Amino acid sequence: MISLTNQQLINKAYEAMNNSYSPYSKFKVGAAVLTSDGQVYTGCNIENVSYGATICAERTAIFKAVSEGHTKIQKLAIVSMTRKYTYPCGMCRQVMSEFMDEEGIIILSDDEYGLKEYRFNEILPYCFSL
Ligand code: THU
C-alpha cells in the first residue's frame, strides 16, 4: 500500500504530462489518481485527428485505475503545462462522480501560489445520478 503526500501525487501528474499526445491543441495535461486501496494510476491527454475522439488526462488516469479493478478514487491530482491551477472539464467531473464520493479530494497546483484542494462536492454539486 502506497502512502503519498499531495505534492508527490502532483509530481506523478507532472511526470505523466510529459507523455501528453497533443499535436492539435499543443496543450499538455497530466493527472494522477490515488485509489482508496492505495494504488496510483497516472494519465495524460491523448488527442485525435478526429477531435471528438480526444480523451482528457483525468479520464485516462481514471479509466486506467478502473480497468485494473480499482473503482474507488480517494484523490485526483491535475496539472498542465501552464503550471497554473487547471480545473477539470465538465465531462471529466461527471466521470469522477462515478468513482469518487463527495469527500473525494481534487488537488491542483500553481508554481506561484502552491497547492489547492477541493472536495469533490464543491466542484460538482447536485450532479446527475440514477
Ligand atoms: N484537457 C484535459 O486533458 N483535461 C481537462 O480537464 C480539460 C482539457 C485536454 C483536452 C485537449 O487535449 C486539451 O486539453 C485542450 O482542450
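Summary of the structure given here. Residue positions are given per chain, counting from 1 as you read along its sequence in written order. Per-residue local features of the predicted model are confined to residues with pLDDT of at least 70, and side-chain atom pairs are confined, for both listing and counting, to 80 or more; whole-chain, interface and lining totals are unaffected and use all residues. Values shown for side chains rest on all heavy atoms present in the structure; no hydrogens or waters enter the calculation.

## Focus on the site of the ligand
Using the following cut-off: Nearness is defined per residue: one heavy atom within 4 Å of the molecule or strand is enough. In protein, a polar contact requires one atom able to donate a hydrogen and another able to accept it; more generally it is a pair of N or O atoms within 3.5 Å, and residues adjacent in sequence count only if both atoms are side-chain atoms. Where accessible areas are quoted, they stem from the Shrake-Rupley method and a 1.4 Å probe; at the residue level, only the protein chains shown are allowed to cover.
Close contacts around the ligand come from Ser-25, Phe-27, Val-29, Asn-45, Glu-47, Thr-54, Cys-56, Ala-57, Glu-58, Tyr-87, Pro-88 and Cys-89, and that covers them all. A distance of 2.9 Å separates an oxygen atom of the ligand from a polar side-chain atom of Asn-45. One of the side-chain N or O atoms of Glu-47 is found 2.5 Å from an oxygen atom in the ligand. For the ligand, whose free accessible area comes to 370 Å², the fraction covered by protein is 77%.

## Things to note about the packing of helix α2 (residues 57-67) against helix α3 (residues 90-99)
Rule in force here: Interaxial angle, 0 to 180 degrees, is taken between N-to-C directions of lines fitted to C-alpha atoms, where a helix line uses only the stretch in contact. In this description a helix means any DSSP run of H or I spanning at least four residues, a strand means any run of E spanning at least two, and both kinds are numbered starting from the N terminus. In this scheme, roughly parallel covers angles under 35 degrees and roughly antiparallel covers those over 145, while 65 to 115 is roughly perpendicular and the rest are oblique. With the far helix as reference, a near helix turned anticlockwise by less than a right angle produces a left-handed crossing, and one turned clockwise produces a right-handed crossing. The contact rule is simple, with two residues in contact once any of their heavy atoms fall within 4.5 Å. Under the convention adopted here, Pro, Cys and the residues Ala, Val, Leu, Ile, Met, Phe, Trp and Tyr are nonpolar, Asp, Glu, Lys and Arg are charged, and Gly plus all remaining residues are polar.
Orientation of α2 relative to α3, taken along the N-to-C sense of each, is 25 degrees, at an axis distance of 10 Å. When the axes of α2 and α3 are compared, the pair comes out roughly parallel. Taken as a pair, α2 and α3 cross one another with a handedness that is left-handed. In contact with Glu-58, Arg-59, Ile-62, Phe-63 and Val-66 of α2, α3 contributes Met-91, Cys-92, Val-95, Met-96 and Phe-99. Split by residue class, the contact of α2 with α3 holds eight nonpolar, no polar and two charged.

## Quick notes on the sheet that holds strand β5 (residues 114-119)
Spelled out, the test is: Pairs of strands are assigned from DSSP output, requiring at least two bridges between the strands.
Strand order across the open sheet formed by five strands is β2-β1-β3-β4-β5, with mixed pairing between neighbours. Since the sheet does not close on itself, it has two edges, and those belong to β2 (40-44) and β5, each with one partner. On average, each strand axis in the sheet is tilted by 20 degrees relative to the strand beside it, whichever way the strands run. Across five bridges, strand β1 (residues 29-35) lies against β2 in antiparallel orientation. By the bridge assignment for β2, Gly-30 is matched with Cys-44.

## A closer look at the side chain of Glu-47
Worth spelling out the cut-off: A simple rule labels every residue: compare its accessible area, found with a 1.4 Å probe on the protein chains alone, to the largest value its type can have, and call it buried under 20%, exposed over 50%, or partly exposed in between. For the purpose of charge, His is not counted, nor are the chain termini; Lys and Arg are scored as positive and Asp and Glu as negative. Here, a salt bridge means any Lys or Arg side-chain nitrogen found within 4 Å of an Asp or Glu carboxyl oxygen.
Here Glu-47 lies in the loop between β2 and α2. Buried charge without a salt bridge: Glu-47, with Lys-26 as the nearest opposite-charge side chain at an N-O distance of 7.7 Å. From its side chain, Glu-47 meets the backbone nitrogen of Tyr-24 in a polar contact 3.1 Å long. One polar contact links Glu-47 to Ser-25, side chain to side chain, over a distance of 2.5 Å. Non-local contacts of Glu-47, meaning those with residues more than four positions away in its chain, are made with Tyr-21, Ser-22, Pro-23, Tyr-24, Ser-25 and Thr-54.

## As for unusual backbone geometry
Of note, the phi angle at Lys-26 is positive, near 55 degrees, even though the residue is not glycine. Along the chain, Lys-26 turns up in the loop between α1 (6-17) and β1. Judged by its relative accessible area of 59%, Lys-26 is exposed. Of note, the phi angle at Arg-83 is positive, near 55 degrees, even though the residue is not glycine. Relative to the elements of secondary structure, Arg-83 occurs in the loop between β3 (73-80) and α3.

From the geometry alone we can't say anything about function, so treat these as descriptive.
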